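Spelled out from the first residue to the last, the chains are:
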Amino acid sequence: MAIAAHDPASLSLSSGLDHPVDGNLALDVLAQANVLAHPALRRLGETLEPVPAGRPAWSRAELAGRLCELSAGQDGALLSTAVSLVVDAQRDGEPVAWISATRAIFFPPDAATCGVDLATLVVVQAKDALLAGRAADVLLRSGAFGLVVLDLGTSAAMPTPLQGRLVQLALKHDAAVVCLTDKQPGESSLGSLVSLRGQAARRRSRDGRRFTCEITTLKDKRRGPGWTWREVRHGPEGLS
């Protein structure tokens with residue numbers, strides 16, 4: 001198994017051995033000398049975040065303690081998948097806040113039809129993405145919210161220090177922070193502190209009354225990218 005040194009200058013591999021070793025160091029020899037326990041070493045391929053048990057799912061539990069970004073185009077998949085996440089959190093008894101930095105917001109009757117408890121959903125309207133992030137900072141510091149959704153729209157940007165605070169607060173309070181952005185898969189994410197990035201898309205069924213919403217993970221610091229999640233939803237009444 002390959003290993004990588006984070007700080008080669010400060011590490012002496014031979015310091016833990018009781019005899020000189022020529023050529024490549026065998027892994028069993030390294031293990032005998034307890035060199036692999038050195039904090040400057042990690043195995044290649046190891047993720048920096050713990051891998052959760054079970055199969056991946058688009059759920060609050062999967063996203064808890066993380067700063068996430070969910071992107072989509074104009075096909076409506078973004079709101080559908082975000083509302084599904086709100087329903088999942090509320091079903092587990094977690095308070096949810098929805099912060100919008102866009103002029104438009106979800107249609108409340110449709111959200112209620114999908115199962116959202118509007119009476120307990122906190123909705124905040126922010127002027128732009130920066131103020132939306134600051135509002136999320138305030139709400140997360142209360143420790144009362146299990147899920148905070150930030151609808152940032154197009155051309156969204158948030159300073160890295162502010163993203164860092166959201167990450168720390170998400171970890172501290174086991175909350176999921178999900179940023180919704182209007183982006184294509186080839187566009188850059190909000191930043192390197194995003195733990196999971198998903199791309200949502202929606203397809204209509206042949207009968208025209210159902211839709212398949214699919215999320216493809218472009219980045220996942222815990223499980224690795226590439227896993228997908230699908231959900232079939234029914235269209236509103238009167239849709240032909």
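About the thresholds
- Residues numbered from 1 in each chain as written.
- Predicted model: local features only at pLDDT ≥ 70, side-chain atom pairs only at ≥ 80, totals over all residues.
- Heavy atoms only, no water.
- Salt bridge = Lys/Arg side-chain N within 4 Å of Asp/Glu carboxyl O.
- Helix = DSSP H or I, 4+ residues; strand = E, 2+ residues; numbered from the N terminus.
- Buried < 20%, exposed > 50% of the residue type's maximum accessible area, 1.4 Å probe, protein only.
- Expected span 1.5 Å × (residues − 1).
- Pairing = 2+ DSSP bridges.
- Axes fitted to C-alpha atoms, helices over the stretch in contact; angles between N-to-C directions.
- Contact = heavy atoms within 4.5 Å.
- pLDDT = per-residue confidence, 0-100.
- Polar contact = N/O pair within 3.5 Å; in protein donor to acceptor, adjacent residues only side chain to side chain.
- Phe/Tyr/Trp six-rings, centres within 6.5 Å; stacked < 30°, edge-to-face > 60°.
- Lys NZ or Arg CZ within 6 Å of the ring centre and 35° of its normal.

S.K.: I'm lost on the pattern of salt bridges in this one. Help?
M.R.: The tally for this structure, following the rule as stated, stands at ten salt bridges. In this structure, the salt-bridge partner of Arg-60 is Glu-94, at a minimum N-O distance of 3.8 Å. Taken as a pair, Arg-60 in helix 2 (residues 60–63) and Glu-94 in the loop between helix 3 (77–91) and strand 4 (96–100) lie far apart in primary sequence, 34 residues in all. A relative accessible area of 7% means that Arg-60 is categorised as buried. The class of Glu-94 is partly exposed, set by a relative accessible area of 26%. Between Glu-214 and Arg-203 there is a salt bridge, and its shortest N-O distance comes to 3.9 Å.

S.K.: Looking at this model, I keep getting lost on helix 3. Mind explaining?
M.R.: Two residues of an α-helix separated by three or four positions point the same way, owing to the 3.6 residues in each turn. Under the 1.5 Å per step criterion, the end-to-end length of helix 3 is 21 Å for 15 residues, consistent within 8% with the ideal 21 Å. Burial runs high along helix 3: 13 of the 15 residues are buried. Positive phi appears at Gly-93, one or two residues downstream of helix 3, with a value of about 80°.

S.K.: Please explain the sheet that holds strand 4 as it appears in this structure.
M.R.: The pairing of strands in a sheet happens through backbone hydrogen bonds and is either parallel or antiparallel. Reading across the sheet, the eight strands line up as 5-4-6-7-3-8-9-10 and stay open at both edges, with mixed pairing between neighbours. Both edges of this open sheet fall to strand 5 (121–125) and strand 10 (228–234), since each of them pairs with a single strand only. Strand-to-strand twist across the sheet, computed as the mean angle between neighbouring axes with direction ignored, equals 20°. By the bridge criterion, seven bridges tie strand 9 (residues 210–220) to strand 10 in an arrangement that is antiparallel. By the bridge assignment for strand 10, Thr-216 is matched with Thr-228. Here helix 3 sits on the sheet and contacts strand 3 (66–72), strand 4, strand 5, strand 6 (147–153), strand 7 (176–182), strand 8 (196–204), strand 9 and strand 10; the angle it forms with strand 4, its principal contact strand, is near 155°.

S.K.: Explanation requested: the side chain of Thr-81 in the structure shown.
M.R.: Its place among the elements puts Thr-81 in helix 3. With near-sequence residues (within four places) excluded, Thr-81 lies in contact with Trp-58, Leu-70, Ala-200, Cys-213, Ile-215 and Trp-229.

S.K.: Whenever I open this one, the confidence of the model for the protein confuses me. Can you help?
M.R.: Should pLDDT be low for a region, the predicted coordinates there are not to be read in detail. Per-residue confidence for the protein gives a mean pLDDT of 82, with 77% of residues at or over 70. Between residues 1–27, whose pLDDT stays under 50, and residues either more than four places distant or in other chains, the model counts 31 contacts. Ignoring residues within four places in sequence, the model shows residues 35–47, a span with pLDDT below 50, making 28 contacts including any to other chains.

S.K.: Is there a simple way to think about helix 5 (residues 129–141) in this case?
M.R.: In this model, helix 5 (13 residues) spans 18 Å end to end at C-alpha, consistent with the 18 Å of a helix rising 1.5 Å per residue. Restricting attention to buried positions, one finds in helix 5 the residues Ala-129, Ala-132, Gly-133, Ala-135, Ala-136, Asp-137, Leu-139 and Leu-140. Among the structural elements, strand 4, strand 5, strand 6, helix 6 (160–173) and strand 7 are those in contact with the buried residues of helix 5. The backbone nitrogen of Leu-130 has a side-chain oxygen 3.2 Å away, supplied by the residue at the start of helix 5, namely Asp-128.

S.K.: Can you help me understand the packing of aromatic side chains in this one?
M.R.: The geometry of two aromatic rings is summed up by the distance between their centres and the angle between their planes. Inspection of the entire model under this criterion finds one aromatic pair. Ring centres of Trp-98 and Phe-106 lie 5.0 Å apart, and the angle between their planes is 70°; on these two criteria the pair is classed as edge-to-face. For the pair Trp-98 and Phe-106, one class covers both residues: buried. The side chain of Arg-202 reaches across the aromatic face of Phe-211, ending 4.3 Å from its centre.

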